[in-house]
Amino acid sequence: MIRFEDLLRPTPAGLYCPPGDFYVDPVQPVDRAVITHGHADHARSGHGTVLATPQTLAIMAERYGEAFATHRQGVGYGDTASHRGVEIGMAPAGHVLGSAQAVIRWKGITMVVSGDYKRRRDPTCAPFEPVPCNVFISEATFGLPVFTHPPDGEEIGRLVQSLGQFPERAHLVGAYALGKAQRVIRLLREAGWERPIHVHGALERLNRLYEREGVDLGPILPATGLKANALGGEVVIAPPSATQDRWARRFADPVLAFASGWMLVRARARQRGVELPLVLSDHADWPELVATFTELKPEEVWITHGREEGLLRWCELNDQPARALRLVGYEEEDDEAGAADSG
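Predicted model, so just to flag it, every value in this text is computed and none were measured.

Procedures and definitions
- Residues numbered from 1 in each chain as written.
- Predicted model: local features only at pLDDT ≥ 70, side-chain atom pairs only at ≥ 80, totals over all residues.
- Heavy atoms only, no water.
- Salt bridge = Lys/Arg side-chain N within 4 Å of Asp/Glu carboxyl O.
- Helix = DSSP H or I, 4+ residues; strand = E, 2+ residues; numbered from the N terminus.
- Buried < 20%, exposed > 50% of the residue type's maximum accessible area, 1.4 Å probe, protein only.
- Contact = heavy atoms within 4.5 Å.
- Axes fitted to C-alpha atoms, helices over the stretch in contact; angles between N-to-C directions.
- Parallel < 35°, antiparallel > 145°, perpendicular 65-115°, else oblique.
- Left-handed = near helix turned anticlockwise from the far one by under 90°.
- Nonpolar A, V, L, I, M, F, W, Y, C, P; charged D, E, K, R; others polar.
- Core = buried A, V, L, I, M, F, W, Y, C linked by side-chain atoms within 4.5 Å.
- Pairing = 2+ DSSP bridges.
- Phe/Tyr/Trp six-rings, centres within 6.5 Å; stacked < 30°, edge-to-face > 60°.
- Lys NZ or Arg CZ within 6 Å of the ring centre and 35° of its normal.

## A closer look at the pattern of salt bridges
Counted according to the given criterion, the structure contains 23 salt bridges. Of the charged contacts in the structure, one is a salt bridge between arginine 120 and glutamate 288, with a shortest N-O distance of 2.9 Å. Separated by 168 residues along the polypeptide, arginine 120 in the loop between strand E10 (109-113) and strand E11 (135-140) and glutamate 288 in helix H6 (residues 286-296) bring together distant segments of the chain. The exposure class assigned to glutamate 288 is buried, which follows from its relative accessible area of 9%. The salt bridge partner of arginine 183 is aspartate 282, with a shortest N-O separation of 2.5 Å. With arginine 183 in helix H3 (residues 180-190) and aspartate 282 in the loop between strand E17 (276-278) and H6, this residue pair connects regions lying 99 residues apart in the sequence. Judged by its relative accessible area of 1%, arginine 183 is buried. A single salt-bridge network, built from bridges that share partners, covers Lys118, Arg120, Asp122, Asp152, Arg183, Asp282, Asp285 and Glu288.

## As for the environment of valine 96
Along the polypeptide, valine 96 turns up in the loop between strand E8 (86-92) and strand E9 (100-106). A residue is classified by how much of its surface remains accessible, and valine 96, at 1% relative accessible area, is buried. Along the backbone, valine 96 and alanine 284 are 188 residues apart, and their C-alpha atoms lie at a distance of 12 Å. Every residue in contact with valine 96, bar those within four places of it in the chain, is listed here: His37, His39, Cys125, Leu178, Gly179, Tyr210 and Asp282.

## What about the packing of helix H1 (residues 54-64) against helix H4 (residues 204-212)?
With their axes 11 Å apart at the nearest point, H1 and H4 run at an angle of 155 degrees to one another. Of the possible angle classes, the one that applies to H1 and H4 is roughly antiparallel. For H1 against H4, the interelement crossing comes out right-handed. Across the interface between the two elements, Ala58, Ile59, Glu62 and Arg63 from H1 touch Arg205, Leu206, Leu209 and Arg212 from H4. Broken down by class, the residue content of the contact of H1 with H4 amounts to four nonpolar, no polar and four charged.

## Concerning the nonpolar core
Counting residues in each nonpolar core, the largest one holds 32 residues, and the members touching the most others are Val173, Val184, Leu188, Ile197, Val235, Ile237 and Leu278. Looking at this core, the elements with two or more residues in it are helix H2 (152-165), H3, strand E13 (197-199), H4, strand E15 (235-238), strand E16 (255-259) and E17. The element that contributes the greatest number of residues to this core is H3, accounting for five residues. Isoleucine 197 has contacts with Ile185, Leu188, Arg189, Pro219, Ile220, Leu221, Val235 and Ile237, leaving out every residue within four places of it along the chain.

## A short note on the sheet that holds strand E14 (residues 220-222)
Taking strand neighbours across the sheet as the criterion, the six strands line up as E14-E13-E15-E12-E16-E17 in an open arrangement whose pairing is parallel. Strands with a single pairing partner mark the edges of an open sheet, and in this sheet they are E14 and E17. The average undirected angle you get between the axes of adjacent strands in this sheet is 25 degrees. Relative to E15, strand E12 (residues 171-174) is paired through four bridges, and the arrangement is parallel. Within E15, the position partnered with glycine 174 by the bridge is alanine 238.

## Considering the environment of alanine 61
Checked against the element boundaries, alanine 61 lands in helix H1. Among all residues touching alanine 61, those that are not within four sequence positions of it are Glu66, Phe68 and Arg72.

## Describing the sheet that holds strand E19 (residues 322-324)
Overall, mixed pairing links the seven strands, which are arranged E7-E8-E9-E10-E11-E18-E19 in an open sheet. On the outer flanks of this sheet lie strand E7 (80-83) and E19, each paired with one strand and no other. Across this sheet, the average inter-strand angle for adjacent strands is 20 degrees, counted without regard to direction. Together, E11, strand E18 (300-306) and E19 form the strand contacts of helix H7 (residues 308-317), whose direction differs from that of E18 by roughly 160 degrees.

## Focus: the packing of aromatic side chains
The full count for this structure, using the stated rule, is 10 aromatic pairs. Ring plane angle 40 degrees and centroid distance 4.6 Å describe the contact between tyrosine 16 and tyrosine 23, whose orientation is recorded as tilted. Put simply, the rings of Tyr117, Phe128, Phe136, Phe293 and Trp314 pair up and form one aromatic cluster. Geometry around phenylalanine 166 places arginine 169 over its ring, the cationic atom sitting 5.4 Å from the centre. Here the basic side chain of arginine 323 rests over the ring of tryptophan 302, its NZ or CZ set 4.7 Å away from the ring centre.

Given below as structure tokens:
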């Protein structure tokens with residue numbers, strides 16, 4: 001009898017598929033890797049062959065250079081590839097541009113590796129699509145009931161309101177370079193903010209990539225070459241690390257904002273000196289996580305990177321078989337601030 005562990009099993013390098021001889025989001029260089037999305041804790045350079053969505057391959061090339069892998073194989077949403085008898089498909093994960101759930105099928109078993117995902121609408125990427133499966137492998141970044149994130153429109157509305165209240169002050173928004181920055185820009189546009197948005201240089205290449213992929217960001221200007229007390233009443237977006245740097249001192253009495261799911265924890269906002277915390281996450285919150293489990297009803301849920309204990313307890317109370325993988329090497333949202341990456 002085939003066990004689920006015969007198809008996928010946790011190893012120090014990441015989730016490994018023995019029959020297909022490949023890893024999913026490996027944390028060290030391997031011969032063959034399936035990559036769910038472009039954040040650096042999931043997408044590393046140095047692999048032999050990388051299979052991912054075309055957008056994720058483009059993101060990796062932008063960040064690591066064209067030689068990030070020896071070979072690359074693009075698989076679009078709804079398409080499949082086969083290796084050594086194992087079928088690999090890609091379904092939208094709703095996390096960032098190009099993010100995918102890896103759908104792995106072999107001998108009648110379907111296992112879905114979600115990578116990072118969220119269920120709410122995001123104007124910069126395809127929405128999450130549930131895939132019926134025997135095993136669903138879920139992140140748990142916000143795997144506690146306290147993490148119930150408010151509607152995105154309310155949070156962006158608070159930013160727009162502050163711009164009206166303090167027209168003489170620049171509004172400096174810390175947002176991760178891949179996914180979060182572009183989402184904040186699009187949400188501002190949807191809220192009616194038509195003026196140019198100024199960005200740190202670290203965001204420019206990824207912004208252009210999003211534009212090439214059809215995400216209209218509107219007028220964007222570089223936040224460089226500015227005199228002291230610049231950009232009062234304007235929006236400036238930068239990686240979180242840059243908001244604490246000398247670079248940020250040029251702006252007019254800046255209102256420091258930070259877009260992160262962790263801004264729900266006010267102590268974290270105070271520790272960072274954040275005046276305007278914006279609870280915007282690219283990860284599923286608690287209601288989205290448990291709603292996904294309820295919708296899919298897989299034979300087993302495997303839980304990885306995050307707060308596994310809360311979700312394990314929910315699964316126990318709701319008769320959902322589950323286990324924690326306790327994989328290492330995948331950072332939480334806020335821990336990536338220095339790398340200006342995860343979201």
